[in-house]
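This is what each chain is made of:
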Amino acid sequence: MNFFSPVLSVLIILSALTLRGETEDSMSIGSKFHFETSYDEQGLMGKDISSGEEIPLYKVYKGAKKIKLPGPAYAGKSIEETIRSRRSVRSFTGDSIRLDQLSQILLSADGITHSEGGLDMRAAPSGGALYPIDIYVVVRGATDIPQGIYHFQVSDSTLELVKAGDFTNALYDAAWDQEAIAEGQVNIILTSRFDRITEKYSDRGYRYAYIEAGAIAENICLQATSLGLGAVIMGAFTDTAVNAMLEIEGLREAALLIIPIGHPR
Ligand SMILES: Cc1cc2nc3c(=O)[nH]c(=O)nc-3n(C[C@H](O)[C@H](O)[C@H](O)COP(=O)(O)O)c2cc1C
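Residues numbered from 1 in each chain as written. Predicted model: local features only at pLDDT ≥ 70, side-chain atom pairs only at ≥ 80, totals over all residues. Heavy atoms only, no water.

Q: Hey, could you run me through the site of the ligand in this one?
A: Close contacts around the ligand come from Arg 86, Arg 87, Ser 88, Arg 90, Gln 178, Val 232, Ile 233, Met 234, Gly 235 and Ala 236, and that covers them all. One nitrogen or oxygen atom from the main chain of Ala 236 is found 3.1 Å from an oxygen atom belonging to the ligand. When the free accessible area of the ligand is taken as 620 Å², the share hidden by the protein chains comes to 49%. (Near = heavy atom within 4 Å. Polar contact = N/O pair within 3.5 Å; in protein donor to acceptor, adjacent residues only side chain to side chain. Areas by Shrake-Rupley, 256 points an atom, 1.4 Å probe, with all protein chains shown as cover.)

What follows is the structure, given as C-alpha cells:
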C-alpha cells in the first residue's frame, strides 16, 4: 500500500466536500452516512461499532404453529423472458395464492440452496454470509394457509405463525393507503436484523443489509412474474406502525420493504 494513498483519499474527499460547499457537520444524514461508512485503505472512515458479538443465525418463534412448505417444484419461464416481462403490478383479483406458489416464491426469495464449509447458503447473496434479512408474510387469501402473520423459517422451510387474523387492512393503513396492499392476497415484509451484520461490518453493514434486501425483493418479483402472478416493491410506509405490527423494536431490527402479491387484474 502506498503511504500517501490514505492521506490522498482524505484530501480527495475533503476537496469534493469543499467544492460542494459542505463540511462534515453540514452534510445531510444521507451524505454523512455514506461518508462515514466508506472505506479508505485503513478501513472504515467513521466510528467502528462492530462488537464481534454473534447474533443467532436464525430467528426462531419457539412453540409457534408451523406449516411445512412443499419443496421447489416449478420449472417455469426462462430467466430472460421473466426479467423482460417483470413490471410493478398494483392491482389484483381476489383469487387466492396457492401454498405451492407461495412456497416457490419464498424458497426463491431466500431459501437454502447449497452448503459450503458446513454453512447453509441461501438463494440471495449476503455480505459475509451473515443473512440479516428476515421474511414475514401477511396472509389474507392463500389456500391451506389460515389468515395471519407468518415468519419464513429458512432453516427448515416452514411458516411459523406469529399471530392469527387478517392484518391486511392494518398494513394498508400503515402503508399510506396504497391499494396494492389491500388487494394483495399475500403481502411479504422484509425486515433486517442490523445487529447481525453490524457486529462484523460496523455501520457499513447497513449498506449491505439494504443491498441484500434489494436482491431478495427482486428474487420475489421475478419468481412471482414467472408464476404468472404480480408483485410490487413498496418502500413507502410508516415505519413505527409496520414495526409495531410485527412486534419488532425498530432500530436494531426493522422493516425495510413491503411486497404485495396477487393475480394481476
Ligand atoms: C426501493 C423501492 C421502493 C419503491 N416503493 C414503492 C412504493 O412505495 N409504492 C409503489 O407503488 N411503488 C414503489 N416502487 C416501485 C417503483 O415505482 C417501480 O419499480 C418503478 O416505477 C419502475 O416500474 P417497474 O417496476 O414496473 O419497472 C418502489 C421501487 C423500489 C425499487
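After that view, the rundown keeps rolling.
Q: Help me understand empty space enclosed by the protein, please; the structure alone is not making it clear to me.
A: The probe, sized like a water molecule, is rolled over the atoms to show the empty space still left. Counted according to the given criterion, the structure contains 1 cavity of 30 Å³ or more. Roughly 80 Å³ of internal volume is contained in the largest cavity. Lining the largest cavity are 13 residues; nearest its centre among them are Arg 122, Ile 133, Asp 134, Phe 152 and Val 154. Looking at the lining of the largest cavity, the elements with two or more residues in it are β6 (133–139) and β7 (148–153). A class-by-class count of the residues in the lining of the largest cavity yields 6 nonpolar, 2 polar and 5 charged. (1 Å grid on protein atoms, 1.4 Å probe; cavity = no way out; pocket = protein on both sides within 12 Å on 5 of 7 lines; lining within 4 Å. Points joined across faces, edges and corners; volume = space filled by probe spheres on them. Helix = DSSP H or I, 4+ residues; strand = E, 2+ residues; numbered from the N terminus. Nonpolar A, V, L, I, M, F, W, Y, C, P; charged D, E, K, R; others polar.)

Q: Would you mind showing me how to read the sheet that holds strand β10 (residues 230–231) here?
A: For sheets, the rule is that strands pair by backbone hydrogen bonds, running either parallel or antiparallel. Pairing is antiparallel in the open sheet, where 7 strands are placed in the order β3-β8-β7-β6-β9-β11-β10. In this open sheet, the two strands that pair with only one neighbour each are β3 (66–68) and β10. In the sheet, β3 pairs with strand β8 (residues 158–164) via 3 bridges, with the strands oriented antiparallel. Looking at the pairing, Ile 67 lines up with Leu 159 of β8. Across the sheet, helix α7 (residues 194–201) lies against β9 (186–193) and β11 (253–262), angled at about 30° from β9, the strand it touches most. With respect to the sheet, helix α8 (residues 204–226) is in contact with β6, β9, β10 and β11, its orientation differing from that of β11 by roughly 10°. (Pairing = 2+ DSSP bridges. Contact = heavy atoms within 4.5 Å. Axes fitted to C-alpha atoms, helices over the stretch in contact; angles between N-to-C directions.)

Q: Quick question: what am I supposed to make of the packing of aromatic side chains here?
A: To describe a pair of aromatic rings, you give the distance between the ring centres and the angle between the ring planes. Taken as a whole and judged by the stated rule, the model has 4 aromatic pairs. Each ring, one from Tyr 61 and one from Tyr 136, has its centre 6.3 Å from the other, and the planes form 85°; the classification is edge-to-face. Of this pair, Tyr 61 sits in the loop between β2 (43–44) and β3 while Tyr 136 sits in strand β6, and the two are 75 residues apart along the sequence. When its relative accessible area of 0% is taken as the criterion, Tyr 136 is described as buried. Ring geometry for Phe 194 versus Tyr 210: centroids 5.9 Å apart, planes at 80°, classification edge-to-face. Here the residue Phe 194 occupies a position in helix α7, and Tyr 210 occupies one in helix α8, the gap between them amounting to 16 residues. With relative accessibility at 4%, the residue Phe 194 sits in the buried group. Following the ring pairs from residue to residue traces out a cluster consisting of Phe 194, Tyr 206 and Tyr 210. The ring of Tyr 39 has Arg 204 sitting right over it, with the charged end atom 3.8 Å from the ring centre. (Phe/Tyr/Trp six-rings, centres within 6.5 Å; stacked < 30°, edge-to-face > 60°. Buried < 20%, exposed > 50% of the residue type's maximum accessible area, 1.4 Å probe, protein only. Lys NZ or Arg CZ within 6 Å of the ring centre and 35° of its normal.)

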